[in-house]
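The chain contents come next:
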Amino acid sequence: MPNFKTNSIVMPNFPIKFGNSMFLYKASNNKGESLIKVSQNSEEFFIQIKAKDDGFLVKADKISSPSQVVFVQQALRDFRDLCQCSVSFSNIEPQKIQNKKRYRVLKDIEFFINKFITKKEVWIEIGFGSGRHLLHQAKRHPDIEFIGLEIHKPSLVQVAKQCDIQELDNICLLDYDARIFLEFLKSNSVGRIFVHFPVPWDKKPHRRVISSEFIKECIRVLKVDGTLELRTDSQKYFDYSMEEFLKLDTLELNLSKNRDSDISSKYEDRWKKQEKNIYDISLKNAEISPKKEMIKKISFDELFKFEDVFDNFQTTVENKKDHFLHVEGIYKISKNRGIIKVSFGASAKNERVFVEFLEDKISYFPDNILATRANKKAHNLLTAWLKEIVK
Ligand SMILES: C[S@@+](CC[C@H](N)C(=O)[O-])C[C@H]1O[C@@H](n2cnc3c(N)ncnc32)[C@H](O)[C@@H]1O
């Protein structure tokens, strides 16, 4: 994370342009922390200043970080020179931090929502791990478009590298929690969903991929005759999953034990060596589901005066069954402008974001909060909380 330490900052008046950066405003809290909003290369982001015993730490802000680390390095260098900082430590020179290699098949959720188009049938693998099964299927079925979901970053990079080496152009990989991802898919649009050797989470069942909610969402997104294919070595997980499947009124299930598969994954090899049983549950969808309105961004449709919010502000946490809100702190720019910092959404995929209160508008920053079910509910909690504190 680019940062520098200084024992003095000569703070200018904002807004001010210096070097390649436009510094728009400074917002401060009562804990000796400030956020400076920067505009550069058509992107906006914050740099953060923290007061320390021996001076200040000036660093990139994680929540609003720009698309390239060089932008924030440049902003920090411009800020250092603008404020005549005497620097005692720094890692903001361009050569010191390498931009991460970008892999062609690694996509983000924005790409998936706005740009992903295919005429091919779509198959999804959830938690592909070492990717053996996903890569095998993609090679074998060039006429199918594969989406691989994984939340373990090293696995994503490893499989992305393999896709480049093997020149596979029918895979896109996403670092996204599968339980929420399905919300972004059209009804009756997917041919097969593989969930192979999911983590059983015996001690943290709320983290399991399979649940009756997840199965219902699979049924919605699967084509007629499309399949959800669960493979597990854990009898406990198999029993649990059967209970979840059977909560649904009608469904066609196929069960098998120790069925041979075309390709054995890394986990499967391990369990086979230990002579463990392997269980398969395959659900075949028979339903045509109603069309689903696709997810859009969330925004505020009413104004709150920052002055009122500031006067009545207290940090707050509200935990609900499938969503939560944590209002973490407040920063003042001027009497009627400021920022609050929140995290909210589903515990499986929380959003950390700022809410910017300007004279004539309130908006999320960064402005990319997707209207998932959990985010919508959390946004409603936030607006209800704002109404309550300003009344
Ligand atoms: C036990 S490994 C199995 C990997 C692979 N399927 C195999 O058979 O070798 C389970 C994988 O699921 C991933 N995972 C767990 N929960 C997930 C979720 N909610 N969404 C996407 N991936 C998840 C984990 O990061 C892990 O890599």
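Given the structure is predicted, the values throughout are model-derived calculations rather than measurements.

(A) Seen up close, the overall build of the chain. The helix and strand tally for the chain stands at 10 helices and 20 strands. Principal axes of the C-alpha set define a box for the chain whose edges measure 70 × 50 × 40 Å. Scored against the burial criterion, the 391 residues of the chain give a buried share of 49%. Across the chain, every contact between residues at least 6 apart in sequence was considered, and the portion connecting residues at least 24 apart equals 68%. Accessible surface computed for the chain: about 20500 Å², of which carbon and sulfur atoms make up 48%. Across the chain, 65 positive and 55 negative side-chain charges occur, with their mean positions spaced 3 Å apart.

(B) How the structure looks around the site of the ligand. Neighbouring the ligand are 17 residues, the closest being Gly 127, Glu 150, His 196, Phe 197 and Ser 265. One of the backbone nitrogen or oxygen atoms of Gly 127 is found 2.8 Å away from a nitrogen atom of the ligand. One nitrogen or oxygen atom from the main chain of His 196 is found 2.8 Å from a nitrogen atom belonging to the ligand. Contact with the protein chains covers 91% of the free accessible surface of the ligand, which is 600 Å². Those elements that place two or more of their residues in the shell around the ligand are α5 (178-181) and α8 (266-273). Of the residues assigned to the shell around the ligand, the class counts are 8 nonpolar, 5 polar and 4 charged.

(C) The arrangement of the pairing of strand β4 (residues 33-40) in detail. Taken across its 8 residues, β4 has 7 buried, putting it largely inside the fold. Hairpin connection between strand β3 (residues 21-28) and β4: a loop of 4 residues separates the two successive antiparallel strands, and Gly 32 in this loop has a positive phi of roughly 75°. As paired elements, β4 and strand β5 (residues 43-52) share 8 bridges and run antiparallel to each other. Bridging from a neighbouring strand, Ile 36 pairs with Ile 47 of β5. What sits between β4 and β5 in their antiparallel hairpin is a turn of 2 residues, with Asn 41 showing a positive phi close to 50°.

(D) Structural view of the sheet that holds strand β14 (residues 252-257). In spatial order, the strands read β8-β11-β10-β9-β12-β13-β15-β14; together these 8 strands make up an open sheet with mixed pairing. Edge strands, defined here as strands with exactly one partner in the open sheet, are β8 (106-107) and β14. One ladder, built from 4 bridges, connects strand β10 (residues 144-149) with strand β11 (residues 171-174); its direction is parallel. Bridged to Gly 148 within β11 is Leu 173.

(E) Molecular detail of the state of the cysteines. A complete count under the given rule lists 0 disulfides for this structure. Cys 83 takes part in no disulfide bond, and the closest cysteine sulfur, belonging to Cys 85, lies 5.1 Å away. With relative accessibility at 12%, the residue Cys 85 sits in the buried group.

(F) Molecular detail of the side chain of His 379. Along the chain, His 379 falls in helix α10 (residues 373-390). Each residue touching His 379, except ones within four places of it in the same chain, is listed here: Ile 298, Ser 299, Phe 300, Phe 344 and Tyr 364.

(G) Spatial organisation of the pairing of strand β17 (residues 324-334). Counting buried residues along β17, 8 of its 11 residues qualify, which places the element largely inside the surrounding structure. Between strand β16 (residues 316-319) and β17, which pair antiparallel one after the other, the connecting turn spans 4 residues. With 9 bridges joining them, β17 and strand β18 (residues 337-346) adopt antiparallel strand pairing. Bridge assignment links Phe 324 to a residue of β18, and that residue is Gly 345. The turn linking β17 back onto β18 is made up of 2 residues.

(H) Fine view of the domain arrangement of the chain. By the assigned domains, the chain splits into domain 1 (3-96), domain 2 (106-284) and domain 3 (306-390). For domain 2 and domain 3, the distance between their C-alpha centres works out to 34 Å. Counting residues at the interface gives 10 residues for domain 2 and 7 residues for domain 3. Here domain 2 and domain 3 share an interface that buries about 760 Å² over both sides, 64% of which is from carbon and sulfur atoms. Applying the counting criterion to the domain 2 and domain 3 interface returns 1 salt bridge. Applying the counting rule to domain 2 against domain 3 returns 1 residue pair in polar contact (both at pLDDT 80 or more). Among the elements that line the side of domain 2 that touches domain 3, the one with the most residues is helix α2 (residues 109-114), at 3 residues. In terms of residue class, the side of domain 2 that touches domain 3 is built from 5 nonpolar, no polar and 5 charged.

(I) Region of interest: the nonpolar core. Ranked by size, the top nonpolar core spans 68 residues in total, and within it Ile 124, Phe 181, Leu 228, Ile 340 and Leu 382 carry the most contacts. The leading source of residues in this core is α10, at 7 residues. Leaving out residues up to four positions away in the same chain, Ile 340 has contacts with Phe 313, Val 327, Gly 329, Ile 330, Val 353, Phe 354, Val 355, Phe 357, Leu 382 and Trp 385. Within the second largest apolar cluster, 19 residues are counted, among which are Phe 4, Ala 75, Phe 79 and Cys 83.

(J) Inspection of the packing of aromatic side chains at higher detail. Per the counting criterion, the structure on display carries 18 aromatic pairs. Between the aromatic rings of Phe 313 and Trp 385, the centroid separation amounts to 5.9 Å while the plane-to-plane angle is 90°, which identifies the pairing as edge-to-face. Taken as a pair, Phe 313 in the loop between α9 (306-311) and β16 and Trp 385 in helix α10 lie far apart in primary sequence, 72 residues in all. The residues Phe 313 and Trp 385 share a single accessibility class, namely buried. Through pairs of rings, three or more aromatic residues link up here, namely Phe 112, Phe 116, Tyr 176, Phe 181 and Phe 184. Cation over ring: Arg 208 sits above Tyr 240, and NZ or CZ is 4.3 Å from the ring centre.

Cut-offs applied
Residues numbered from 1 in each chain as written. Predicted model: local features only at pLDDT ≥ 70, side-chain atom pairs only at ≥ 80, totals over all residues. Heavy atoms only, no water. Helix = DSSP H or I, 4+ residues; strand = E, 2+ residues; numbered from the N terminus. Buried < 20%, exposed > 50% of the residue type's maximum accessible area, 1.4 Å probe, protein only. Contact = heavy atoms within 4.5 Å. Areas by Shrake-Rupley, 256 points an atom, 1.4 Å probe, with all protein chains shown as cover. Lys, Arg positive; Asp, Glu negative; His and termini not counted. Charge placed at Lys NZ, Arg CZ, Asp CG, Glu CD. Near = heavy atom within 4 Å. Polar contact = N/O pair within 3.5 Å; in protein donor to acceptor, adjacent residues only side chain to side chain. Nonpolar A, V, L, I, M, F, W, Y, C, P; charged D, E, K, R; others polar. Pairing = 2+ DSSP bridges. Disulfide = S-S within 2.5 Å. Domains from an automatic or database assignment. Buried area = accessible area lost by both parts, 1.4 Å probe. Salt bridge = Lys/Arg side-chain N within 4 Å of Asp/Glu carboxyl O. Core = buried A, V, L, I, M, F, W, Y, C linked by side-chain atoms within 4.5 Å. Phe/Tyr/Trp six-rings, centres within 6.5 Å; stacked < 30°, edge-to-face > 60°. Lys NZ or Arg CZ within 6 Å of the ring centre and 35° of its normal.

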